[in-house]
Amino acid sequence: MHSLATVDPQVAELIAAEQARQHDTLCLIASENHVSPAVLAATGSVLTNKYSEGYPSKRYYQGNAVVDGIEEVATQRARELFGVEHANVQPLSGAPANLAVYAAFLEPGDTVLGMALDAGGHLTHGWGVSVTGRWFRSVRYGVRRDTGVIDLDEVRALARRERAKLIWCGGTAIPRTIDFAGFAAIAQEVGAMLAADVAHIAGLIAGGAHPSPVGHADAIATTTHKTLRGPRGAMLLSGAEHASALDRAVFPGLQGGPHDHTTAAIAVALHEAAQPAFAEYAHAIVANAVALADALLERGYDLVSGGTDNHLLLVDLSATGVPGRAAAEALERAGLVCNYNAVPFDPRPPLDPSGIRLGTPAITTRGLAPDHMPELARWIDEGVRARDEATLERIRGEVLELARAFPPPA
Ligand SMILES: *Cc1c(COP(=O)(O)O)cnc(C)c1O
């Protein structure tokens, strides 16, 4: 066998370039992370060669004894880590996992209540450009204009008036703790199912740095590649009563063969997340986010909801006069990679909104601590306001020095 560099130098060089980019910049994208070499090894294993349609000991292909063992280890670790009766580790990613929740519990045209995308929800919670907004009747809740926080009274009024059959909680740009018990009470009042999408905060939940939806939500959907620090993939968690509906929705409802290499890497990530060091990591993510929020507030920045309880901040740049996209592009030139993001009630269009979203999972994996955050805030402040390339280049040099002192796991 020949190495990648021998067989395909073009792709090998591109991968090396991406590795260098990740090494030499600081990733502030709230949904990204750096996996361990162990997770990477499982992802790059020969399991990618196997077909395993079905579930352990109920496969449609021979040769699955080993894969059965891998999937059983993964599901058992998921059940133990999150304290649930059932886990399905086959969803190919977060969006397909969420679709499986619809397939398990709803018929087309049923009413779903989800958080609006521009308030911090996810496309798959019923937004119009997603099939979840076209195949279901979708109703949206947002946040209060004065606080930037979800208003459960609004959620309750909508759920009751619209007779929601499924309610989603959780999202992609929510800087505050999700009140799972509050959502569950509403779902119970109106006879709706409650689905918690914890894609962003699964690692915080596993590490005890965010309350768990277990015992409150009927179904829990999560990606495995964000704060949980696993491979790109997803899981569905539930009580025993919804196990077969969710399993059938994933396969044969929506998917064919599972990605066994990903399943193995999820098992490894769950093992890592069960170690005491991971709880420290989860709390360190939040400590870094809070420190970064404080440092930005001190510099006069506007944060949606006034701060953060978790791993992310949503910075409203309206007062600076710099649009989110221009800010994100400038910061990238300075070596700080983030994404532009709508803020609640954003008057600007989605492709050029008023904010940026900043997250601390990846920099915390590299070992950055709260005392690095004032410097990071200074770079962000200088980068956003920079009018010349020289300033961005100067910051780029300073970021590079810190990045090289705190390399990603290798
Ligand atoms: C990231 C995310 C998803 C989608 O995950 P993909 O793996 O990108 O499909 C779904 N829901 C939430 C809340 C997310 O943050």
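Residues numbered from 1 in each chain as written. Predicted model: local features only at pLDDT ≥ 70, side-chain atom pairs only at ≥ 80, totals over all residues. Heavy atoms only, no water.

Taking the numbering used here, the UniProt-annotated feature "modified residue: N6-(pyridoxal phosphate)lysine" (unreviewed entry) corresponds to Lys226. Here Lys226 falls in the buried class, since its relative accessible area comes to 11%. Ignoring anything within four residues of it in the chain, the contact list for Lys226 reads Ser31, Asn33, Ala199 and His200. (UniProt positions renumbered as here; feature names shortened; annotations may be inferred. Buried < 20%, exposed > 50% of the residue type's maximum accessible area, 1.4 Å probe, protein only. Contact = heavy atoms within 4.5 Å.)

Turning next to the UniProt feature "binding site: (6S)-5,6,7,8-tetrahydrofolate" (unreviewed entry) in the chain. The positions UniProt marks with the feature "binding site: (6S)-5,6,7,8-tetrahydrofolate" (unreviewed entry) are Leu117, Gly121, His122, Leu123 and Glu241. Taken along the chain, the residues just named run across 125 residues; in space they spread out, the farthest C-alpha pair reaching 30.3 Å. For Leu117, the location among the structural elements is in the loop between strand 5 (111-115) and helix 6 (131-134). Residue Leu117 is classed as partly exposed on the basis of its relative accessible area of 31%. If we skip the residues at most four places from it in the chain, Leu117 touches His122, Leu123 and Trp127. (Helix = DSSP H or I, 4+ residues; strand = E, 2+ residues; numbered from the N terminus.)

So, on to the sheet that holds strand 10 (residues 234-238). Across the sheet, which stays open at both edges, the seven strands sit in the order 4-10-9-8-7-5-6 with mixed pairing between neighbours. One side of each edge strand has no neighbouring strand; the edge strands of this open sheet are strand 4 (86-88) and strand 6 (137-141). The average undirected angle you get between the axes of adjacent strands in this sheet is 20°. Two elements, strand 5 and strand 7 (residues 166-169), share two bridges in a ladder whose sense is parallel. Residue pairing across strands places Val112 opposite Leu166, the latter belonging to strand 7. (Pairing = 2+ DSSP bridges. Axes fitted to C-alpha atoms, helices over the stretch in contact; angles between N-to-C directions.)

Let us now look at the nonpolar core. Of all hydrophobic cores here, the largest spans 52 residues; its most connected members are Phe82, Leu113, Tyr141, Ile167, Phe183, Leu228 and Met235. Structurally, this core is a two-domain feature, drawing no fewer than three residues from each of domain 1 (41-273) and domain 2 (281-405). Setting aside its immediate chain neighbours within four residues, Ile167 contacts Leu113, Ala159, Phe183, Ile186, Ala187, Val190, Ala192, Met193, Leu194 and Ala195. Ala289, Tyr301, Val322 and Ala377 belong to the second-largest nonpolar core, a separate cluster that totals 37 residues. (Core = buried A, V, L, I, M, F, W, Y, C linked by side-chain atoms within 4.5 Å. Domains from an automatic or database assignment.)

With an omega dihedral of 5°, the bond running from Phe251 to Pro252 counts as a cis peptide bond. Examined against the element boundaries, Pro252 turns out to sit in helix 10 (residues 243-254). A positive phi angle, close to 75°, is found at Ser305, a residue other than glycine. Its place among the elements puts Ser305 in the loop between strand 11 (302-303) and strand 12 (312-316). Look at Phe345: it is not a glycine, yet its phi comes out positive at around 60°. In this fold, Phe345 is placed in the loop between strand 14 (339-341) and strand 15 (355-359). Since its relative accessible area comes to 42%, Phe345 is described here as partly exposed.

Glancing now at the pairing of strand 7. A two-sided burial pattern is seen for strand 7, the buried positions comprising Leu166 and Trp168 on one face and Ile167 and Cys169 on the other. As paired elements, strand 7 and strand 8 (residues 193-197) share four bridges and run parallel to each other. Looking at strand 8, one finds that Cys169 is bridged to Ala196. In the classification by handedness, the crossover that spans strand 7, the intervening helix 8 (residues 180-190) and the parallel strand 8 is right-handed. (Right-handed = clockwise from strand over helix to strand, strands pointing away.)

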